[in-house]
Amino acid sequence: MSKTSISFYGAAGEVTGSRHLLQTENGSLLLDCGMFQGHRSDAQKKNREFSFPPASVDAVLLSHAHIDHCGLLPSLYRDGCDGPLYATRGTAEITGIMLADSARLQVGDAQFFNKIHAAEKLTIEPLYDEEDAKRALAHLRPVDYDSAFEPLPGVTARFLNAGHVMGSAISQLDIRDGEKSLRLVYTGDLGRQEGLLMETPSVPAGVDYLVVESTYGGRTHEKLADAAEKLAEVIKRAIRNNGKVVIPSFALERTQEIVFILDRLFRDGLAPEIPVYVDSPMAVSLTEIFHKRRDDFSFDDKFLAYAKMDGDPFGFDYIHYVRAKEESQALNNRKGPMLIISASGMCEGGRVLHHLRNNIGDSENIVLLVGYQAQGTLGRRLQEGQKKVKIFGLEHEVAASIETMHVFSSHADNGDLVAFVKAVNPARGVFLVHGEPEARAALTAALTAEGIKNVRSPAMGETFDLD
Ligand SMILES: [Zn+2]
């Protein structure tokens with residue numbers, strides 16, 4: 001009888017909160033420990049309880065440094081986990097920055113919320129603080145791509161390039177189960193076939209079970225080539241209106257992608273120059289790593305060639321990297337036109353909330369959404385065209401124009417996902433995670449039509465025996 005099983009405790013029918021627990025005859029291995037994002041009260045509840053005892057986790061594998069994959073590691077290690085935390089070198093380095101920042105945001109947002117709701121005696125507690133983040137980071141064990149390690153006795157693991165963000169990995173696990181062994185592969189988030197900065201994802205072979213993300217099941221991305229043209233159009237409009245363009249952006253990858261496109265636009269004279277502020281201490285730190293380490297990671301050849309020719313693909317005359325809080329606040333009083341790129345990407349926290357609060361009420365301004373907006377987030381409410389939104393619990397009229405560009409996704413689209421699963425051709429089954437119900441249904445249909453068998457959409461908390 002099989003002693004190996006996998007349980008899905010997050011990103012099951014939704015896109016955030018990735019946590020998948022693998023049980024073998026020798027212990028428990030957690031694949032990712034992400035934060036749920038969504039409505040404040042709902043997310044708070046989901047982020048305050050694990051559906052398994054943290055102390056029972058013997059080791060953790062981290063696919064990449066996005067908060068919906070690593071954001072609850074501080075809670076996990078505070079609440080009893082003491083096992084090693086494996087990640088690629090790139091992910092390990094970035095996770096250090098992400099978790100320290102996440103802890104500061106938790107504490108800062110709670111203080112601000114409690115201050116403005118003092119009269120109503122409404123309070124929220126931060127999920128964790130910087131000490132908790134440090135405790136988690138102390139367990140990090142960075143490993144190279146394609147090199148074997150043993151997170152549990154009887155489990156041999158390898159990280160393969162996932163092509164999603166710097167350091168992102170597909171986890172390939174060879175699991176001994178009694179006399180037999182099986183190969184399970186977890187994609188984490190999977191990059192596009194044609195990306196802007198990263199190389200295309202590796203394709204593992206000899207796979208029995210594949211746990212694959214499904215964010216863009218049923219959808220096809222616009223071509224990346226169109227991104228520059230659209231961005232140039234927004235810049236021209238901002239200059240005409242003397243407006244501000246607020247771009248909520250993931251600090252990791254999306255910010256560097258946009259800055260890279262701007263760099264090319266300005267260099268080639270395809271858009272008039274406009275002051276650009278990257279207002280996120282984390283994005284500033286991450287861009288430095290991108291710049292410093294660009295020869296060490298799985299970057300796309302075309303990007304590397306441009307970087308070599310340009311010398312500094314993330315810097316140009318009109319860009320200002322903003323770290324200090326005072327400098328960030330000073331942007332409120334500065335006249336447009338300007339571009340403000342600020343985190344978080346789904347408008348769930350961070351400095352972008354202050355920029356939205358200050359600029360969303362003016363019709364000459366533009367909010368440009370450039371990333372996936374999960375259900376329940378402020379970004380999603382803006383995208384859906386709501387005319388009144390709450391920011392820090394206070395209502396604001398939406399007068400600025402809200403625009404969306406889907407083109408920047410660093411996720412595989414439906415065609416990429418189908419091609420990947422077909423190439424892997426898993427012998428015993430596919431589990432779809434990290435997708436909303438419609439996306440999973442569409443991908444299931446597309447895979448089944450291609451002859452892929454045993455495609456499952458696990459529910460939250462569901463366990464499957466692997467044999
Ligand atoms: Zn991701």
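Values in this document were obtained by computation on a predicted structure and should not be read as measured data. (Residues numbered from 1 in each chain as written. Predicted model: local features only at pLDDT ≥ 70, side-chain atom pairs only at ≥ 80, totals over all residues.)

**Considering the environment of Val276**
Logical step 1: Tracing the chain through its elements places Val276 in strand S13 (residues 276–279).
Logical step 2: Counting along the chain gives 69 residues from Val276 to Val207, while the straight-line C-alpha distance between them is 46 Å.
Logical step 3: Apart from residues lying up to four places away in sequence, Val276 is in contact with Leu262, Tyr318, Ile319, His320, Leu339 and Ile341. (Helix = DSSP H or I, 4+ residues; strand = E, 2+ residues; numbered from the N terminus. Contact = placed C-beta atoms within 7 Å.)

**What about the pairing of strand S11 (residues 209–213)?**
Logical step 1: Within S11, 5 of the 5 residues are buried, which leaves it mostly tucked inside the rest of the structure.
Logical step 2: What you see with S11 is no split at all: Tyr209, Val211 and Glu213 on one side and Leu210 and Val212 on the other are buried throughout.
Logical step 3: Sheet analysis places S11 next to strand S20 (residues 429–433), joined by 5 bridges and oriented parallel. Note that in S20 the partner of Leu210 across the bridge is Val430. (Buried ≥ 20, exposed ≤ 12 C-beta atoms within 10 Å, placed from the backbone. Pairing = 2+ DSSP bridges.)

**A word on helix H14 (residues 437–449)**
Logical step 1: Here H14 spans 18 Å end to end across 13 residues, near enough to the 18 Å set by a 1.5 Å rise per residue.
Logical step 2: Residues Ala439, Arg440, Leu443, Thr444 and Leu447 constitute the buried set of H14. Projected down its long axis, H14 shows its buried positions confined to an angular sector of 130°, all on one face. Exposed side chains of H14 directed beyond 90 degrees from the buried face belong to Pro437, Glu438, Thr448 and Ala449.
Logical step 3: Taken together, the buried residues of H14 touch helix H13 (414–424), S20 and strand S21 (455–456). (Expected span 1.5 Å × (residues − 1). Arc of directions from axis to C-beta.)

**Topic: the sheet that holds strand S10 (residues 180–186)**
Logical step 1: Strand order in this open sheet of 7 strands is S7-S8-S9-S10-S11-S20-S21, and the pairing throughout is mixed. Strand pairing shows two members of the sheet lacking a second neighbour, strand S7 (149–152) and S21, which therefore form its edges.
Logical step 2: Here 7 bridges tie strand S9 (residues 169–177) to S10, and the two strands are oriented antiparallel to one another. Within the sheet, the bridge partner assigned to Leu173 lies in S10 and is Leu184.
Logical step 3: Running over the sheet, H13 touches S10, S11 and S20 and is turned about 170° from S11.
Logical step 4: Sheet strands in contact with H14 are S20 and S21, and its direction is about 155° off that of S20. (Axes fitted to C-alpha atoms, helices over the stretch in contact; angles between N-to-C directions.)

**Regarding the environment of Leu73**
Logical step 1: Inspection of the secondary structure puts Leu73 in helix H3 (residues 73–78).
Logical step 2: Sequence separation between Leu73 and His355 is 282 residues; the distance between their C-alpha atoms is 29 Å.
Logical step 3: Ignoring anything within four residues of it in the chain, the contact list for Leu73 reads Cys33, Leu85, Leu99 and Ala136.

**Topic: the sheet that holds strand S1 (residues 4–8)**
Logical step 1: Pairing is mixed across the open sheet formed by 7 strands, whose spatial order is S6-S5-S4-S3-S2-S1-S22. Single-partner strands in this sheet number two, and they are strand S6 (140–143) and strand S22 (463–466). With direction set aside, neighbouring strand axes in the sheet form an average angle of 25°.
Logical step 2: Pairing of strand S5 (residues 85–88) with S6, which is carried by 4 bridges, proceeds in the parallel orientation.

**Observations regarding the domain arrangement of the protein**
Logical step 1: What the domain assignment reports for the protein is domain 1 (4–219 + 410–466) and domain 2 (225–404).
Logical step 2: Contact residues are listed per partner, giving 33 residues for domain 1 and 27 residues for domain 2.
Logical step 3: The dominant element in the side of domain 1 that touches domain 2, judged by the number of residues it contributes, is helix H4 (residues 89–116), at 11 residues.
Logical step 4: Here the residues of the side of domain 1 that touches domain 2 are counted per class, giving 14 nonpolar, 13 polar and 6 charged. (Domains from an automatic or database assignment. Nonpolar A, V, L, I, M, F, W, Y, C, P; charged D, E, K, R; others polar.)

**What to know about unusual backbone geometry**
Logical step 1: Cis geometry marks the peptide bond from Gly336 to Pro337, where omega comes out at 0°.
Logical step 2: With an omega of 10°, the peptide bond running from Ala343 to Ser344 counts as cis.
Logical step 3: Of note in the backbone geometry, Phe392 takes a positive phi value of approximately 55° without being a glycine.
Logical step 4: Inspection of the secondary structure puts Phe392 in the loop between strand S17 (388–391) and strand S18 (394–397).

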